[in-house]
Every structure is written in structure tokens, then in C-alpha cells.
Amino acid sequence: RVVVANADQILIVSSWRGPKIWLEMIDRYVIAAIRGGLEALVCVNKIDLVENDTELQLTMQPYYELGHQVLLTSADRGAGVDELRNALVGKTTVLAGMSGTGKSSLLNAVQSGLNIRTQSISMDRGRTEGRHTTVGVAMYPLDAGGAIIDTPGVRDIAVRGVLQNELSDLFPEIAALVLGCRFYNCSHGDEPDCGVLEGLESGILVRSRYDSYRAIRATLPP
């Protein structure tokens, strides 16, 4: 359902741990941004929980290469908050992501005086449980200019209005590899002479992005 109109960009917030980063969710929001004509900013919060900086950089590398601004933050420690604030200036930004990733805490850090309620979220098998801190859509003006629109945390986000054979157009790196497929209706699963699978094997295509593509494709109509 439509919850926001007339925005400039979407800030997709995930957390590194607690809950664990969910790359498929990020990719689903990136698709929504592309289809809505919005800039997609990818924010990884709770970087104070990162144990291996190289792993973090490799995980986010596909988004850097796709031209998305990647923000690494810790609302608790103030890391990356100035960079995040600068990315919001003069823009109407939709704030989106899973429950428990610290979206409300980031808002409180970016804009003093908001005092948005936050609460701890219990975790079970990497999925959020309990009530969302944000229960409706709210717009907050920013002192530096622009506004941020807070939306309720989600447990899932569906891709609507896309057919299976159209999905590769929303994954630029996969779209480039499709040209190497032998079959025009290749599903990029187990067909021979599949340009996408060859790209995956050679390392041109990152496994996480391929996994997202396959998982999302399975939910779409033929």
C-alpha cells in the first residue's frame, strides 16, 4: 500500500546485528526506490557491534558499486551521525527498514528535541518480535532543511507489479549478464550457458545479490 508521496529519497536502515543485517530486505527496498524514482540511501546501524571491518566493507561493496550512498552509523555512540544528517539536508526522506534496527534512535540523534520513543525489541531466529516503536507515518521537519518521514518497522516487504522476466532489469549487474544467456527465458537457476551463473562463478556477480534475485523472483508471477 502507498504510505508516502512526493519524497526525494529513501533511507533504508538495517543493523549489522540485533537484528542481523538482512540483505534481501535492503534489495527489496532498493527495487521500490528504483520503481518510485527515488534515490536509495543504505544505512547500516549498530556498527559498534561489527567484529570484522573487512566483512562489513565486503558486504556493502555491491551497493557502493551500484552508486548508492552507504552510511555506517551507531546511534548509541554517535558514529556516522554527522554524515547522515548531511545526507538529509534539503531533502524529503522516507525512513524505512525492519523493526529493531534503531531508526527512532537515529532520528533522535540527527535532530535534537524530537524525543521519539524507543524500546528494546526481543529477537527470535533473527526476526523481530513484539510491538513496533513507530506505529504510524509521521513527518519531522529538520532544522538544517528538509524533512524525514518515519514509517513503521516491517517484518517483510513485497515486490508488486513486476513479472519474473522483468526483475533482472531492477538488478543492473544481473541485467548486464543476461545478454550472455543462451535462452531468452532463462531463469538463471540451472540452465546451461547462463550468463548470470557464469558471472556468479567468476565473481563478477556477488552471491548475496544473486540470492536476493532468486528469492524475490520466486514470489513473482510468470
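Up top you'll find the structure we're talking about.
Residues numbered from 1 in each chain as written. Predicted model: local features only at pLDDT ≥ 70, side-chain atom pairs only at ≥ 80, totals over all residues. Heavy atoms only, no water.

S.K.: Quick rundown of the overall build of the protein? Include the residues and the values.
M.R.: What the protein contains, in helices and strands, is 7 helices and 8 strands. Buried positions account for 47% of the 222 residues belonging to the protein. For the protein, contacts bridging at least 24 residues in sequence account for 66% of all contacts bridging at least 6. Total accessible area on the protein stands at roughly 11,400 Å², and carbon and sulfur atoms take up 48% of it. (Helix = DSSP H or I, 4+ residues; strand = E, 2+ residues; numbered from the N terminus. Buried < 20%, exposed > 50% of the residue type's maximum accessible area, 1.4 Å probe, protein only. Contact = heavy atoms within 4.5 Å. Areas by Shrake-Rupley, 256 points an atom, 1.4 Å probe, with all protein chains shown as cover.)

S.K.: Explain empty space enclosed by the protein to me, using residue names and the numbers behind them.
M.R.: One pass over the full model with this rule turns up 1 cavity of 30 Å³ or more. The computed volume of the largest cavity comes to approximately 30 Å³. Taken together, Leu11, Leu84, Leu88, Leu95, Lys103, Leu106, Leu107, Val110 and Ile148 make up the lining of the largest cavity. Broken down by secondary-structure element, the contributors of at least two residues to the lining of the largest cavity are helix 3 (81–88) and helix 4 (103–110). The biggest single contributor to the lining of the largest cavity is helix 4, with 4 residues. The class makeup of the residues in the lining of the largest cavity is 8 nonpolar, no polar and 1 charged. (1 Å grid on protein atoms, 1.4 Å probe; cavity = no way out; pocket = protein on both sides within 12 Å on 5 of 7 lines; lining within 4 Å. Points joined across faces, edges and corners; volume = space filled by probe spheres on them. Nonpolar A, V, L, I, M, F, W, Y, C, P; charged D, E, K, R; others polar.)

S.K.: Can you tell me about the pattern of salt bridges, naming the residues and giving the values?
M.R.: What the rule picks out here adds up to 7 salt bridges. The partner of Arg17 in a salt bridge is Glu51, and the shortest N-O contact between them spans 3.8 Å. Here Glu51 lies in the loop between strand 2 (39–45) and helix 2 (53–65) and Arg17 lies in the loop between strand 1 (9–15) and helix 1 (23–36), a separation of 34 residues in the sequence. Linked through salt bridges whose partners overlap, the residues forming this network are Asp27, Glu173 and Arg209. (Salt bridge = Lys/Arg side-chain N within 4 Å of Asp/Glu carboxyl O.)

S.K.: Now, about helix 2: what can you tell me, with residues and values included?
M.R.: Here helix 2 contains 13 residues, and its C-alpha end-to-end distance of 18 Å stays within 8% of the 18 Å for a straight helix at 1.5 Å per residue. Its axis deflected by about 35° at Thr59, helix 2 carries its strongest bend there, up to four residues before the proline Pro62. Along helix 2, the residues that are buried comprise Leu56, Thr59, Met60, Pro62 and Tyr63. Buried residues belonging to helix 2 abut helix 1, strand 2, strand 3 (69–72) and helix 7 (207–217). The N-cap of helix 2, judged by a side-chain oxygen 3.0 Å from the amide nitrogen of Thr54 a few residues on, is Asn52. The first or second residue beyond helix 2 is Gly67, which carries a positive phi of 90°. (Expected span 1.5 Å × (residues − 1). Bend = angle between axes of the 7 residues up to and from the residue. Polar contact = N/O pair within 3.5 Å; in protein donor to acceptor, adjacent residues only side chain to side chain.)

S.K.: Hey, could you go over the pairing of strand 8 (residues 147–150) for me, with residue numbers and the actual values?
M.R.: On strand 8, burial covers both faces: Ala147 and Ile149 on one face and Ile148 and Asp150 on the other are all buried. As defined by bridge partners, strand 4 (residues 92–97) adjoins strand 8 across 4 bridges and the pair is classed as parallel. When the bridges of strand 8 are listed, Thr93 appears paired with Ile148. Pairing analysis gives 4 bridges linking strand 7 (residues 138–141) to strand 8, with the strands arranged antiparallel. (Pairing = 2+ DSSP bridges.)

S.K.: Before we move on, can you summarise the packing of helix 1 against helix 7 with the specific residues and values?
M.R.: It is the contact of helix 1 with helix 7, at a shortest axis distance of 9 Å, that shows an interaxial angle of 70°. What the angle tells us is that helix 1 and helix 7 run roughly perpendicular. For the crossing formed where helix 1 meets helix 7, the hand is right-handed. Taking contact as the criterion, the partners of Leu23, Glu24, Asp27, Arg28 and Ile31 in helix 1 are, on helix 7, Ser208, Arg209, Ser212, Ala215 and Ile216. For the contact of helix 1 with helix 7, the residue count by class is 4 nonpolar, 2 polar and 4 charged. (Axes fitted to C-alpha atoms, helices over the stretch in contact; angles between N-to-C directions. Parallel < 35°, antiparallel > 145°, perpendicular 65-115°, else oblique. Left-handed = near helix turned anticlockwise from the far one by under 90°.)

Note that every value here comes from positions in space, so none of it alone points to a role or purpose.
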